[in-house]
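Here are the chains, one letter per residue:
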Amino acid sequence: MTKVLVVDDDFMVAKLHCRYVSAMDGFTVVGVAHSGADALRAAGESRPDLILLDVYLPDMNGVDVLRALREAEERDAGRTGADVLFITAARDAGVIRAALRAGALHYLIKPFHRSALQEQVQHVASLRHRLDALDESRQEARQEDVDRIFGTRPPGSRGLPKGLAAPTADLVERILREHPEGLSASECAEAGALSRVSTRRYLEYFAETGRAEVTLRYGGTGRPERRYRAVV
């Protein structure tokens, strides 16, 4: 279960973000704060995995909150660091640059669609799971492991091979995530009104880059059916 702390000075906006997060499987809201001081206090008490952080707070700038959070984490050796996703109306390039340099994983500009927030929250959880799996394996990281961690920011359109289009890749990946139980290339193609041959190319690409898992379903006769499931 991924623990989330919501920080926003607007009570209604904070409530809305809580609703978005709570609607997702595997996520729980462990606290809400409406100021920088309250955010730091809540982070120390609830130890969240992810903080949704606004820039404009009544007592502190959100970037300064993130810096203070990192300093507190460094002082406490037993404290697990929290990932931070900025959610704000601040559009100034300097603020965005400061947030990135302070250690934010991403930056969402208000207003945005509910799916944009949920996609980014899911992405942060995916990064944590991959890092945890790598740590638990007690093996040295391979370059492909690092590439999967640093190079899989949504949407999944970066570095597509020749012949694959970003909009179609996004569509196929969305269908995959909407079917956590897995599906075949034919089923995915039908759901997206795409050709089976084209859909399978995208699915195989996702499998090669670690964003999908492939299992084989054996029937009575013929070749086993390849089924694809999104890697969380």
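These numbers were taken from a predicted model, which means no experiment stands behind them.

Novice: Explanation requested: the pattern of salt bridges in the structure shown.
Specialist: A side chain of one charge can pair with a side chain of the opposite charge when the charged atoms of the two come close. In the structure shown here, the tally under the stated rule is 17 salt bridges. The closest approach of N and O atoms between Asp54 and Lys110, which form a salt bridge, is 3.8 Å. In this pair, Asp54 is assigned in the loop between strand S3 (50-53) and helix H3 (62-75) and Lys110 in the loop between strand S5 (106-109) and helix H5 (114-137), connecting sequence segments 56 residues apart. We note that Asp54, like Lys110, is buried. The shortest N-O distance in the salt bridge between Glu73 and Arg70 comes to 2.9 Å. Placement of the pair is Glu73 and Arg70 together in helix H3, with a separation of three residues, close to one helical turn.

Novice: Mind showing me how you'd approach the nonpolar core here?
Specialist: Most often, soluble globular proteins have nonpolar side chains that are buried together. Grouped together as the largest cluster of nonpolar side chains are 23 residues, with contacts concentrated most on Val7, Ile51, Leu53, Leu66, Leu69, Val84 and Phe86. Listing elements by their share of this core, those giving two or more residues are strand S1 (2-7), helix H2 (36-46), S3, H3, strand S4 (83-88) and helix H4 (93-102). Among the elements that line this core, the one with the most residues is H3, at four residues. Membership of the second largest hydrophobic core comes to 17 residues, among which are Ala14, Leu108, Leu117 and Val124.

Novice: Where do I start with unusual backbone geometry in this structure?
Specialist: Note on backbone geometry: most residues besides glycine have negative phi, and most peptide bonds are trans. Cis peptide bonds are those with omega within 30 degrees of zero, and the linkage from Lys110 to Pro111 qualifies with -5°. Checked against the element boundaries, Pro111 lands in the loop between S5 and H5. One non-glycine residue, Arg47, lies in positive phi territory at about 50°. We note that Ala193 has phi near 55°; this positive angle belongs to a residue other than glycine.

Novice: Is there a simple way to think about the confidence of the model for the protein in this case?
Specialist: Averaged over every residue, the pLDDT of the protein is 88; the share at 70 or more is 91%. Below a pLDDT of 50 lies the segment residues 152-158, which in the model reaches 23 contacts outside its immediate sequence neighbourhood of four places, other chains included.

Novice: How should a nonpolar patch on the surface be read in this particular structure?
Specialist: A grouping of Val214, Leu216 and Tyr218 is seen on the molecular surface, where their side chains present a nonpolar patch of about 310 Å² in accessible area. One can find Tyr218 in the loop between strand S7 (212-217) and strand S8 (225-230).

Novice: What should I look at first to understand empty space enclosed by the protein in this one?
Specialist: Where empty space is left can be seen by rolling a probe of water-molecule size over the atoms. In this structure the tally under the stated criterion is one cavity of 30 Å³ or more. Taken as a whole, the largest cavity holds about 40 Å³ of empty space. Together, Ala39, Leu40, Ala43, Ile51, Leu53, Val65, Leu66, Leu69 and Val84 line the largest cavity. Where the lining of the largest cavity is concerned, the elements lending two or more residues are H2, S3 and H3.

Novice: Where do I start with the side chain of Arg227 in this structure?
Specialist: Mapping Arg227 onto the fold places it in strand S8. Among the polar contacts listed, one links the side chain of Arg227 to the backbone oxygen of Gly182, at a separation of 3.1 Å.

Cut-offs used in this document
- Residues numbered from 1 in each chain as written.
- Predicted model: local features only at pLDDT ≥ 70, side-chain atom pairs only at ≥ 80, totals over all residues.
- Heavy atoms only, no water.
- Salt bridge = Lys/Arg side-chain N within 4 Å of Asp/Glu carboxyl O.
- Helix = DSSP H or I, 4+ residues; strand = E, 2+ residues; numbered from the N terminus.
- Buried < 20%, exposed > 50% of the residue type's maximum accessible area, 1.4 Å probe, protein only.
- Core = buried A, V, L, I, M, F, W, Y, C linked by side-chain atoms within 4.5 Å.
- pLDDT = per-residue confidence, 0-100.
- Contact = heavy atoms within 4.5 Å.
- Patch = residues over 30% accessible without salt bridge, like charges linked within 9 Å, V, L, I, M, F, W, Y side chains within 5 Å.
- Areas by Shrake-Rupley, 256 points an atom, 1.4 Å probe, with all protein chains shown as cover.
- 1 Å grid on protein atoms, 1.4 Å probe; cavity = no way out; pocket = protein on both sides within 12 Å on 5 of 7 lines; lining within 4 Å.
- Points joined across faces, edges and corners; volume = space filled by probe spheres on them.
- Polar contact = N/O pair within 3.5 Å; in protein donor to acceptor, adjacent residues only side chain to side chain.

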